[in-house]
Amino acid sequence: MSCFRLALKAVIESCISQGAWIWVSAFRKGNVEARLEDFKLFEEASTGLWGSIMLIWRMKGKHLACIGAAIVILAQGFETFSSQMVGFEDEPTPFVNRSSTSTLYAPPPPRAETWRNIIPRGPDMSLGLSTKAAIYDGIISGSMSTLPVSCSTANCAWPPFPTLGVCGNCTESFFRTSCNLQGGCTYTMPSGTSISKQGDTVSDLGFIVAPSFGSMDIFNTTSQAFFSVFDMMSVSQTSSETRVRADQCALWFCLQSFNVAVMNGIHSSRMISNWSKTTISSETGAQFDEFTFIDIPSDLYVRDQARYTVQEDSIQILRGFMDSLMVGNASNIAGTVSYSSDWIEAMHNATTDLDGWIARLALSMTNDIRQSGDFNTNDTLDYSGIAYVMASHVRVNCLLLPRTDGLENGTRPGMRMEGRLFAHAVLQC
């Protein structure tokens, strides 16, 4: 735009200067009245806005030089808005492999359609080490993030994808209080988990964790794949009062859908939805029944005829391992806190935010399931992402340009046009 204005200015200056001589020539013929100061007026009109205005006023718009003066005035206004007419923006553009002229795909995120991470230990079966580590990490860790994805260009996007995972929650439970004549009290949850406090006991804290069937035998249901239900109960005493809290927590297999992306090297992940409805089904020749997810809604993005299952023996082994961890107690006697295990200490510390703690444990197990589970390799491309590079784009506001006949067929000012300006850049109006 600056080159255009400079070229236009050179031509206009020359024409207006020539107009001064035309004006004097007309005066010599006696047609108009000319003054010596008119030379100065023409000179100022060729270089500035005020001089152009004064020239048009002096000539009453009847001289050819007034056209040049009007162009100078318009050019000054055009210069004011030209900075808004063209802009440069960096936008993600699909990366094209130059050797094959095809779009570069990002590997699909880790996901699982079935899970059976159990291994033989002599005559018995045992839970896989990666799953054990995920449970330990989820119980103790104070923070947890979703699995990272592979993106070679630092900018990638993937379609929403489903995967097996773990869901969990903790709900406050009621309890029954019974006291004796000596001042001792026992606090009992519906499942039988209880803490007793004697009236002459110096202890000011009692905490217990125990496996539980809950208020009803939920492990007998087939509509949800539970693998752990446990109670947490704490009793704290002060000189003036006794505080009791009882919670029941549960973990189960669920189906989850995620939306992930990488922008400028920063990974983001958001759970879209989850689904827990299952039924027991049997495969021909299978040794164990399996929990199969049914009636899956559309916001899980499951492909037609895809089956998401967990074998019943895997759930039984996982349940046994969880029961071995979710048992223990803690007490505080005369300021000395004693925990039966590290897991109990971590759970006691989490009682101020059980929702956050159970969410971290569920996420840690979900991350392991996505890595140790199996999936149909024929669906790999369905969940592959697209790699992007940040490319400079030139944007032109056509509303600031005068209408010309050189636009594309039927295109009017203000309409959007696209055309290649240079590699990875698009001219748009």
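A quick note: this is a predicted structure, and the numbers were derived from the prediction, not measured. (Residues numbered from 1 in each chain as written. Predicted model: local features only at pLDDT ≥ 70, side-chain atom pairs only at ≥ 80, totals over all residues. Heavy atoms only, no water.)

**Q** Any chance you could explain the overall build of the protein here in plain terms?
**A** Counting its regular elements, the protein contains 8 helices and 24 strands. The buried share of the protein, reckoned over its 429 residues, is 39%. In the protein, the proportion of contacts linking residues at least 24 apart, taken out of those at least 6 apart, comes to 64%. Accessible surface computed for the protein: about 23,800 Å², of which carbon and sulfur atoms make up 54%. (Helix = DSSP H or I, 4+ residues; strand = E, 2+ residues; numbered from the N terminus. Buried < 20%, exposed > 50% of the residue type's maximum accessible area, 1.4 Å probe, protein only. Contact = heavy atoms within 4.5 Å. Areas by Shrake-Rupley, 256 points an atom, 1.4 Å probe, with all protein chains shown as cover.)

**Q** Got a minute to help me understand the pairing of strand β20 (residues 328–333) in this structure?
**A** For a regular strand, the rule is simple: side chains alternate between the two faces of the sheet. A one-sided burial pattern is seen for β20, the buried positions being Gly 328, Ala 330 and Asn 332 and the unburied ones Asn 329, Ser 331 and Ile 333. Pairing between β20 and strand β21 (residues 336–339): 4 bridges, direction antiparallel. Looking at the pairing, Ser 331 lines up with Ser 338 of β21. Here β20 folds back onto β21, and the loop between the two strands holds 2 residues, one of which, Ala 334, carries a positive phi near 55°. (Pairing = 2+ DSSP bridges.)

**Q** In this structure, what is going on with the packing of aromatic side chains? I would like to understand it.
**A** To describe a pair of aromatic rings, you give the distance between the ring centres and the angle between the ring planes. Going through the model one piece at a time under the given rule, you end up with 8 aromatic pairs. Residues Phe 175 and Tyr 187 carry aromatic rings whose centres are separated by 6.3 Å and whose planes lie at 75° to one another, so their mutual orientation is edge-to-face. Remark: Tyr 187 occurs in strand β11 (residues 185–188) and Phe 175 occurs in the loop between β9 (161–172) and β10 (176–179); sequence separation between them is 12 residues. Exposure remark for Phe 175: the relative accessible area of 30% places this residue in the partly exposed category. By way of ring pairs, the aromatic residues Trp 115, Phe 227 and Phe 253 are connected into one cluster. Above the ring of Phe 258, the side-chain terminus of Arg 370 is found at 5.3 Å from the ring centroid. (Phe/Tyr/Trp six-rings, centres within 6.5 Å; stacked < 30°, edge-to-face > 60°. Lys NZ or Arg CZ within 6 Å of the ring centre and 35° of its normal.)

**Q** What exactly am I supposed to notice about the nonpolar core here?
**A** Generally speaking, nonpolar side chains in soluble globular proteins are found buried as a group. By size, the foremost hydrophobic cluster in this structure holds 54 residues, and its most contacted members are Ile 135, Phe 253 and Trp 357. Leave out the neighbours within four places in its chain, and Ile 135 touches Leu 127, Leu 318, Phe 321, Met 322, Leu 325, Leu 361 and Met 365. (Core = buried A, V, L, I, M, F, W, Y, C linked by side-chain atoms within 4.5 Å.)

**Q** Help me understand the state of the cysteines, please; the structure alone is not making it clear to me.
**A** Between two cysteines, a covalent bond joining their sulfur atoms is known as a disulfide. Within the structure shown, the criterion is met by 4 disulfides. Note on cysteine connectivity: Cys 151 is disulfide-linked to Cys 156, with sulfurs 2.0 Å apart. Taking the sign of the S-S torsion, about 85° here, the bridge from Cys 151 to Cys 156 comes out right-handed. Taken individually, Cys 151 and Cys 156 each receive the classification buried, so the pair is uniform in this respect. The side chain of Cys 167 participates in a disulfide bridge whose partner is Cys 254; the two sulfur atoms lie 2.1 Å from each other. Across the disulfide from Cys 167 to Cys 254, rotation about the S-S bond amounts to roughly 80°, and the bridge is consequently right-handed. (Disulfide = S-S within 2.5 Å.)

**Q** I'm lost on the side chain of Asp 231 in this one. Help?
**A** On the secondary structure map, Asp 231 appears in strand β14 (residues 225–237). Comment: no salt bridge for buried Asp 231; closest opposite-charge side chain is Arg 176, at 12 Å. One polar contact links Asp 231 to Thr 193, side chain to side chain, over a distance of 2.8 Å. (Lys, Arg positive; Asp, Glu negative; His and termini not counted. Salt bridge = Lys/Arg side-chain N within 4 Å of Asp/Glu carboxyl O. Polar contact = N/O pair within 3.5 Å; in protein donor to acceptor, adjacent residues only side chain to side chain.)

**Q** Before we go on, may I ask you to explain the packing of helix α5 (residues 129–140) against helix α8 (residues 354–372) in this structure?
**A** When two helices pack together, their arrangement is given by the angle between their axes and by how far apart the axes lie. One way to put it is that α5 packs onto α8 with a least axis distance of 8 Å and a crossing angle of 160°. Considering the angle they form, α5 stands roughly antiparallel to α8. Between α5 and α8 lies a crossing of right-handed hand. Of the residues in α8, those touching α5 at Ser 130, Thr 131, Ala 134, Ile 135, Asp 137, Gly 138 and Ile 139 are Trp 357, Arg 360, Leu 361, Ser 364, Met 365, Asp 368 and Ser 372. Residues that form the contact of α5 with α8 fall into these classes: 6 nonpolar, 5 polar and 3 charged. (Axes fitted to C-alpha atoms, helices over the stretch in contact; angles between N-to-C directions. Parallel < 35°, antiparallel > 145°, perpendicular 65-115°, else oblique. Left-handed = near helix turned anticlockwise from the far one by under 90°. Nonpolar A, V, L, I, M, F, W, Y, C, P; charged D, E, K, R; others polar.)

**Q** Is there a simple way to explain the environment of Gly 51 in this structure?
**A** Relative to the assigned elements, Gly 51 resides in helix α3 (residues 49–59). Between the C-alpha atom of Gly 51 and that of Ala 69, which follows or precedes it by 18 residues, the distance is 8.2 Å.

**Q** Can you help me understand the confidence of the model for the protein in this one?
**A** Parts of the prediction with low pLDDT should not have their coordinates interpreted in detail. In this model, the protein carries a mean pLDDT of 79, and residues with pLDDT of at least 70 account for 68%. Low pLDDT, under 50, characterises residues 403–429; the stretch is placed with 49 contacts to residues that sit more than four places away or in other chains. (pLDDT = per-residue confidence, 0-100.)

**Q** Please explain the sheet that holds strand β19 (residues 309–311) as it appears in this structure.
**A** Strands in a sheet are paired, the pairing made by backbone hydrogen bonds, and the direction either parallel or antiparallel. One open sheet accounts for 4 strands, arranged β5-β19-β18-β17; its pairing is mixed. Only two strands of the sheet have a single partner each, and these edge strands are β5 (114–115) and β17 (278–281). As paired elements, β17 and strand β18 (residues 290–293) share 4 bridges and run antiparallel to each other. Across the sheet, residue Thr 278 finds its bridge partner in β18, namely Phe 293.

**Q** Even after reading the chapter, I still don't get the packing of α5 against helix α6 (residues 312–325), so can you show me in this structure?
**A** The contact between α5 and α6 brings their axes to 12 Å, and the two run at 35°. Of the two possible hands of crossing, α5 and α6 adopt the one that is right-handed. Each of Thr 131, Lys 132, Ile 135, Tyr 136 and Ile 139 in α5 lies in contact with α6, whose residues at this interface are Leu 318, Phe 321, Met 322 and Leu 325. Partitioning the contact of α5 with α6 into residue classes produces 7 nonpolar, 1 polar and 1 charged.

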